[in-house]
Amino acid sequence: MRTQVAIIGAGPAGLVLAHLLHLQGIDSVVLERQTREHIERRIRAGVLEPATVDLLQEIGLAGRLLAERLVHKGLELLFDGVGHHVPLAELAGREITIYGQHELVKDLVAARLDTGRPLLFEVSDVALHDLTSDRPRVTFVQDGQTQELQCDLIAGCDGFHGVSRPSIPDGVLTAFEHLYPFAWLGILAQAPPSADELIYAYHREGFALHSMRSPHLTRLYLQVPPDEQLADWPDERIWEQLRVRLARDDPAWQLTAGPIVERSITAHRSFVVEPMQYGRLFLAGDAAHIVPATGAKGLNLAVADVAALAQAIVENRLDGYSERCLRRVWRVQHFSWWMTSMLHRVADPFTERLQLSQLRYLTSSPAAATSFAENYVGLPFDGGN
Ligand code: FAD
Ligand code: DHB
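Residues numbered from 1 in each chain as written. Chains lettered and ligands numbered in written order. Predicted model: local features only at pLDDT ≥ 70, side-chain atom pairs only at ≥ 80, totals over all residues.

The name given to the chain in an unreviewed UniProt entry is 4-hydroxybenzoate 3-monooxygenase, and the organism recorded there is Rhizocola hellebori.

Structure (structure tokens):
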């Protein structure tokens, strides 16, 4: 088999890249280890930056998204029992979109299949070869048969645990990593959201986040220790902690509970490799970097990478790809680390005073709130930040 671009991974990065290339008449083959059902059901991110939505709209992939999304003009920061509205759209000039990552993946898979170009599910033993030659190859197994894919270049879009990054020889990449002493327990509940906006809550018992997926589905997160087991969190304990951490002075406010339809625990990590290229292999999205979830940036950063990669391929300016992406990656890393550090409870009174001081400043200074809003809403894809 031969193609121009071999894309490893059918997450948001791989699927958006495949479509961008298709629109430019560039052929690709997408190789995905999981089944279609699996990737279309995997509950992950929910917040899309306006630049992500703009790109999806420009390439004709935003039809259902624009019809079904929730548009938010602001969010709430809750601490000391008081909610503070941050008017994102007023401060940063753009709104955010709430639309589940798995819904987006469904749209992207359907669009790919419509093009008639290959998207292969359930491939195994993916291996990358001859990365520094001008004829790299990918081998994989499908239906028990070993196959070889020859190509001009490979896009490693296979997430943090994929095969692309580990295919690069030791000593080539520099990795930067920061681990956090907590994780998030996330649930999806069949319950109407209890507020119109996202609520980021700083609380003595730990951080909590109220988010949503639709008028009938609430997405909620709790800060938990990094080695926490789901078995230790029966439904009643989850709801009790959410009620405590999201409580406010307003006695009329109530958290609406409902059946929990999905639950998982996700560790927090900051991770970047430099450069995002080795020979004819280009890393994009979680394969190259991870941000802690607090800023809701992981999916958006993955899309920004592949927008840059598609442009670099079309313009044959691949040498600038890594540097261009890393400028944005580090801006987003800083913002995600900063927001995570401000909102999560650690057992240190000095840090607690700093966090509260930062939260008070952010919710009282228009300058501080504007900087926060600009980063949360996200900088333009070609902003050169
Ligand atoms: P992925 O979405 O991970 O896609 C990579 C694809 O490659 C997957 O389909 C995988 O099956 C496939 N693959 C892996 N290895 C191979 C292989 N060897 N061969 C072939 N295919 C392979 N971000 C937020 O902003 N907010 C959140 O709430 C949030 N929650 C998250 C929860 C979890 C459990 C995880 C893992 C991530 C979460 N993220 C969140 C991050 C966000 O979902 C990611 O940043 C985003 O999915 C990155 O897209 P991607 O395409 O780079 O990688
Ligand atoms: C969601 C996830 C986030 O990490 C975040 O900051 C906001 C919302 C969500 O899954 O809805």
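## A look at the sheet that holds strand 16 (residues 217-224)
Stated precisely, the cut-off is as follows: By the convention used here, strands pair only if DSSP detects at least 2 bridges between them. Secondary structure elements follow DSSP: runs of H or I no shorter than four residues count as helices, runs of E no shorter than two count as strands, and numbering proceeds from the N terminus. The contact criterion used here is simple: two residues whose C-beta atoms, placed from the backbone, lie within 7 Å are in contact. For helices, the axis comes from a line fit to the C-alpha atoms of the stretch in contact; other axes are also lines fit to C-alpha atoms, and the angle between any two N-to-C directions lies between 0 and 180 degrees.
Reading across from one edge, 6-5-14-15-16-13-17-20 is the order of the eight strands in this open sheet, with mixed pairing throughout. The outermost strands of the open sheet, each flanked by one partner alone, are strand 6 (82-86) and strand 20 (289-290). Inspection of the sheet shows strand 13 (residues 174-189) paired to strand 17 (residues 260-274) by 13 bridges, in the antiparallel sense. Looking at the pairing, leucine 185 lines up with isoleucine 265 of strand 17. Together, strand 13, strand 14 (199-201), strand 17 and strand 20 form the strand contacts of helix 9 (residues 321-343), whose direction differs from that of strand 17 by roughly 130 degrees.

## Overview of the nonpolar core
Put simply, the rule is: In plain words, the nonpolar core is the set of buried Ala, Val, Leu, Ile, Met, Phe, Trp, Tyr and Cys residues that C-beta atoms within 7 Å link up. Counts of 20 or more other C-beta atoms within 10 Å of a residue's own C-beta define buried residues, counts of 12 or fewer define exposed ones, and intermediate counts define partly exposed ones; C-beta atoms are placed from the backbone.
By size, the foremost hydrophobic cluster in this structure holds 113 residues, and its most contacted members are Ile7, Leu17, Ala155, Ala284, Val306 and Leu309. Apart from the residues within four sequence positions on either side, leucine 309 is in contact with Leu17, Ala155, Phe282, Ala284 and Tyr321.

## Notes on the UniProt feature "domain: FAD-binding" (unreviewed entry) in the chain
Formally: UniProt positions are given in the numbering used here, feature names are shortened, and annotations may be inferred rather than shown by experiment.
In the numbering used here, UniProt assigns the feature "domain: FAD-binding" (unreviewed entry) to residues 2-335. This span, residues 2-335, is 29% helix and 32% strand, and a straight line between its end C-alpha atoms measures 41 Å.

## What about the site of ligand 2?
Under the convention used in this document: As used in this record, a residue near a molecule or strand is one whose C-beta atom, placed from the backbone, is within 6 Å of it. Ten residues, namely Ala, Val, Leu, Ile, Met, Phe, Trp, Tyr, Cys and Pro, are considered nonpolar, four, namely Asp, Glu, Lys and Arg, are considered charged, and the remaining ones, Gly among them, are considered polar.
Inspection of the region around ligand 2 gives Ala45, Gly46, Val47, Leu198, Leu209, Ser211, Arg219, Ala293, Thr294 and Ala296 as its neighbouring residues. The class makeup of the residues in the shell around ligand 2 is six nonpolar, three polar and one charged.

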